[in-house]
Amino acid sequence: MVTLPSDKEAFIAHYDQSKDHLPGYNLAWLNETRAKNIALFNDIGLPSAKTELWKFTSLNPLKKQAFSAPETSELAANDELPRLFDAAISIRLVFIDGKYSETLSDSSLPTGVTMASLAAVLDSGNCDLDQTRLSRPRAEEQPLVALNTALMADGYILSIAKDVSVEKTIEILHLGSGKAESTHHTRNIISVGSGSKATIVEHNTEHGENVYFSNAATDISINENATLHHYRVQESNKSAFLISSTEVEVGKGATYDSFLLNTGARLARSDINVSLAAENSACHLNGTYMGTDDQHCDITTRVDHKTPHTTCDEVIKGVLSGNARGVFQGKIIVHEQAQKTVGNQSHRAMLLSDRAEVDAKPELEIFADDVICSHGCTSGQIDEDALFYLRSRGLSQEQAQALLVNAFLADAVEAVQNEDLKDLFLVRISDWLENNPNKPA
Amino acid sequence: MLEIKNLHAEVDGKAILKGIDLNINKGEVHAIMGPNGSGKSTLANVLAGRDDYEVTEGGILFDGKDISELEPEERAGEGIFLAFQYPVEIPGVTNTTFLKEALNAQRRYRGEEELDGMEFVKMIRGKTKELGIKDDMLKRAVNVGFSGGEKKRNDILQMAVLNPKLAVLDETDSGLDIDALKVVAEGVNKLRAENNAILVITHYQRLLNYIVPDQVHVLSNGKIRRSGGKELALELEEKGYADYSGEAA
Ligand SMILES: Nc1ncnc2c1ncn2[C@@H]1O[C@H](COP(=O)(O)OP(=O)(O)OP(=O)(O)O)[C@@H](O)[C@H]1O
Ligand SMILES: [Mg+2]
């Protein structure tokens, strides 16, 4: 087992060692893409506080951490795998330490849905992967995505055909095996055919409490009049580094509906970039995060309104206790030709301890004149008057606080249309409140 | 039942209550009247245990027990209820959830059996009917979007459900129309019993036509300056507080 520290040089060394046996190593174009990306990563390095986009989130704890090279980690046969939804209403795909496990995944996919593992596609003699899906706009702002492209070892390529309404929820389990301090760079590609509807739920969790670094990148395209509901339940252990970047292209009349619930990780950073480049395209970027102890949770979003009549709404709510830190950065760019844009953004954080901290940076850049845009960011302590009111009726301090925090977060969950998911998020919120008793201020 | 002895309290270092003595026996209704800023709400909040107010001298006995060190929820469990001058809005928490949690928390405190969902619904239906409160109000978030009068009525519903030994009503009549005033008064009179006591804070003699007090006290500048029978309220309405505001702080 090779132990790797994790500064820039270490990642580059890791690339040098593994490039000849990464999936698709015999594809010339891919080697070129990987080489180009590692060079880009080499130029920029790991993001630091000097970069605007990483002003509030430091990767120093990651740099100090030693990781071992990823190993093939099959689980013991009797290890039970978490499942969010009953098999009757969902199909589940399983990734262990970033590697697709065919044996653990449900075998029959709903009609109109195809799924292949990235490694299998790249290694399959006649790889038909659309290379353009691996390049990002503003690549120079995304060194970790470059690193991902250079080192990507697996992931899923999920396609929904035209005009299908996928009834079953597609649950994707990203499980840490708990066996190694590993790093994994998964690359996922989702395409939703025109007129289709699908629900994808990604679940990050693991067996054990070990450190690992997951650096995922997901590229999504949603075609005309299609809707993708993309939900995430991020509940990795409090030692994990969970970084992901999602790039979404929304077609004409199509909708990207996203909800992110984050309770996990030592450091979680979720980037979501949405391009609304076709008329009547829309996105919902909602979420809640809860942090305690030394957790750090960063949600950074960017929405580009590029044509007239596009809509975006965003409601993020967070609750922090202990020494936890929250970061919200939300950029909305209304390009010159994007008249009749509607963009509403709000971020609200509640701080349950004096040591908890939140940084919020809403940014509106508006170059069109006929738009309706709003944003609001607030953070504050729990409402003392409300707390006293509840206590004066007999509720204990803890009960009253739980009730208020629960109501505060549940409000954000209202945006979720899928009832099963809504219930799931509400349960996660009340579980969190139960298991994370208020740390003394 | 309630014995307040030489009670001094301050907020942010500013003395507000300056030696209050007040005894309320079981079965009695007392009214406190007094000018704005005289300390009426402060007294009510101190009784309910709000910790922004610091008791610097004196004490409070409730049923013979010193309650000055008890948390607000413990006082509620002991049977003290405060109807707020300004009831607080609690977004996202429905009236039903809140009432059920509150009632069961108090019952647990007293070592009583909790009510299950069915029993609770049955009980609350009865109360809303008595108080002329529409059932859909129960499904709404506590006080959110309620009119001023509805908020007051909602506090009275809470009182009816929690059935306290001592109810302190801080200007529950202000903002109520005449019909609502009667409903609230009826609700209070229902609570009035041998073993309960009520402390009414009000600016208007009108309420006292419906809730007839055994004693009326004038609170001015942090002290009770005069006590008398229900006719004192009439006198105050006529003459105002000029006679009582003379004392310097
Ligand atoms: N948190 C506080 N900080 C500073 N001063 C306060 C605070 N709370 C109350 N006071 C002051 O204490 C005094 C008494 O206030 P209180 O609310 O008890 O009066 P009140 O008799 O209820 O008046 P009203 O008839 O207007 O309701 C007022 O001068 C008020 O400004
Ligand atoms: Mg008052």
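Each remark here, short or long, concerns the structure printed above.
Here we summarise the structure given alongside this text.

Procedures and definitions
- Residues numbered from 1 in each chain as written.
- Chains lettered and ligands numbered in written order.
- Predicted model: local features only at pLDDT ≥ 70, side-chain atom pairs only at ≥ 80, totals over all residues.
- Heavy atoms only, no water.
- Helix = DSSP H or I, 4+ residues; strand = E, 2+ residues; numbered from the N terminus.
- Rg over C-alpha atoms; globule rule 2.2 N^0.38 Å.
- Buried < 20%, exposed > 50% of the residue type's maximum accessible area, 1.4 Å probe, protein only.
- Areas by Shrake-Rupley, 256 points an atom, 1.4 Å probe, with all protein chains shown as cover.
- Lys, Arg positive; Asp, Glu negative; His and termini not counted.
- Charge placed at Lys NZ, Arg CZ, Asp CG, Glu CD.
- Contact = heavy atoms within 4.5 Å.
- Buried area = accessible area lost by both parts, 1.4 Å probe.
- Salt bridge = Lys/Arg side-chain N within 4 Å of Asp/Glu carboxyl O.
- Polar contact = N/O pair within 3.5 Å; in protein donor to acceptor, adjacent residues only side chain to side chain.
- Nonpolar A, V, L, I, M, F, W, Y, C, P; charged D, E, K, R; others polar.
- Core = buried A, V, L, I, M, F, W, Y, C linked by side-chain atoms within 4.5 Å.
- Pairing = 2+ DSSP bridges.
- Axes fitted to C-alpha atoms, helices over the stretch in contact; angles between N-to-C directions.
- Near = heavy atom within 4 Å.
- Donors = N, O, S within 2.8 Å, 3.2 Å for Na, K, Ca; no water.
- 1 Å grid on protein atoms, 1.4 Å probe; cavity = no way out; pocket = protein on both sides within 12 Å on 5 of 7 lines; lining within 4 Å.
- Points joined across faces, edges and corners; volume = space filled by probe spheres on them.

A look at the overall build of chain A
When its secondary structure is counted, chain A shows 8 helices and 22 strands. On C-alpha atoms alone, chain A measures out to a radius of gyration of 21 Å, which is about the 22 Å that the 2.2 N^0.38 rule sets for 441 residues. A burial count over chain A gives 59% of its 441 residues as buried. Total accessible area computed for chain A in this model is approximately 16,900 Å², and 48% of it derives from carbon and sulfur atoms. Put simply, chain A has 38 plus and 61 minus side-chain charges, and the middle of one group is 3 Å from the middle of the other.

Quick look at the interface of chain B and chain A
The partner chain A presents 17 residues to the 30 residues of chain B that form the contact. When chain B packs against chain A, close to 1,900 Å² is buried across both sides, 63% of that on carbon and sulfur atoms. The tally of links between chain B and chain A comes to 4 salt bridges. Here R391 of chain A ties to E71 of chain B by a salt bridge, and the two come within 2.6 Å at their closest N and O atoms. One can count 12 residue pairs in polar contact (both at pLDDT 80 or more) joining chain B with chain A. Counting residues per element, the ones that place at least two in the side of chain B that touches chain A are helix 1 (40-48), helix 2 (72-78), strand 6 (80-83), strand 7 (90-94), helix 3 (95-109) and helix 6 (148-162) of chain B. With 6 residues, helix 3 of chain B is the single largest residue contributor to the side of chain B that touches chain A. Grouping the constituent residues of the side of chain B that touches chain A by class yields 18 nonpolar, 6 polar and 6 charged.

Some words on the nonpolar core
F425 of chain A together with I4, I20 and I90 of chain B are the most contacted members of the largest nonpolar core, which has 103 residues in total. Among the elements that take part in this core, helix 7 (residues 397-413) of chain A stands out by supplying 8 residues, more than any other. In this structure I4 of chain B touches I20, D21, L22, N23, L43, L47, G59 and I60 of chain B, once residues within four positions along its chain are discounted. Judged by nonpolar contacts, the second largest core, of 31 residues, contains V166, V248, L276 and C312 of chain A.

A few points about the sheet that holds strand 3 (residues 29-33) of chain B
All names here are of chain B. Across the sheet, which stays open at both edges, the 6 strands sit in the order 6-9-10-3-11-12 with mixed pairing between neighbours. Looking at which strands have only one partner, the edges of the open sheet turn out to be strand 6 and strand 12 (223-228). Averaged over all pairs of adjacent strands, the angle between their axes in this sheet comes to 20°, without regard to strand direction. One ladder, built from 5 bridges, connects strand 9 (residues 166-170) with strand 10 (residues 197-201); its direction is parallel. In the sheet register, L166 faces strand 10, and the bridge partner there is A197.

With respect to the site of ligand 1
Residues and elements named next belong to chain B. Near ligand 1 lie 16 residues; those nearest to it are I16, G37, K40, S41 and T42. Taking G39, its main chain carries an N or O atom lying 3.0 Å from an oxygen atom of ligand 1. Contact distances for ligand 1 include 2.9 Å between an oxygen atom and a side-chain N or O atom of H203. For ligand 1, the accessible surface in isolation is 640 Å², of which the surrounding protein chains cover 67%.

Here we look at the pairing of strand 1 (residues 2-11) of chain B
Residues and elements named next belong to chain B. Pairing between strand 1 and strand 4 (residues 53-62): 8 bridges, direction antiparallel. Among the inter-strand pairings, E3 is bridged to a residue of strand 4, identified as L61. Taken together, the 8 bridges between strand 1 and strand 2 (residues 14-24) define a ladder with antiparallel strand orientation. Among the inter-strand pairings, E10 is bridged to a residue of strand 2, identified as A15.

A closer look at the coordination of the magnesium ion (ligand 2)
Geometrically, a metal with four donors at the corners of a regular tetrahedron has ideal angles of 109.5 degrees, and one with six donors at the corners of a regular octahedron has ideal angles of 90 or 180 degrees. All names here are of chain B. Distances from the magnesium ion (ligand 2) to its protein donors, namely S41 (OG) and Q85 (OE1), fall within the range 2.0 to 2.1 Å. With a gap of 44 residues between them, S41 in helix 1 and Q85 in the loop between strand 6 and strand 7 connect regions that are remote in the sequence. On the basis of relative accessibility, which here comes to 16%, the residue Q85 falls in the buried class.

Observations concerning the layout of surface pockets
Of the volumes computed, that of the largest pocket is approximately 490 Å³. In terms of lining, the largest pocket is formed by 23 residues, of which the most central are M350, L404, A407 and F408 of chain A together with P91 of chain B. Looking at the lining of the largest pocket, the element that brings in the most residues is helix 7 of chain A, giving 5 residues. Its residues assigned to classes, the lining of the largest pocket shows 11 nonpolar, 5 polar and 7 charged.

Here we look at the pattern of salt bridges
Residue and element names in this part refer to chain A. Tallied over the full model, the rule gives 36 salt bridges over all chains. Salt-bridge contacts for K340 lead to D370; the nearest nitrogen and oxygen are separated by 2.6 Å. Note that K340 is positioned in the loop between strand 19 (325-334) and strand 20 (342-351) and D370 in the loop between strand 21 (357-366) and strand 22 (372-381), a separation of 30 residues in sequence. Judged by relative accessible area, which is 33%, D370 ranks as partly exposed. Each of E52, K55, K361 and E363 takes part in one network of salt bridges that share partners.

What about empty space enclosed by the protein?
All names here are of chain A. Tallied over the full model, the rule gives 4 cavities of 30 Å³ or more. Each pocket or cavity is described by its volume, and for the largest cavity that value is around 230 Å³. When residues of the lining of the largest cavity are traced back to their parent elements, those giving at least two are strand 7 (169-176), strand 10 (197-206), strand 11 (213-222), strand 12 (227-234) and strand 13 (241-250). By residue number, the principal contributor to the lining of the largest cavity is strand 13, which donates 4 residues.

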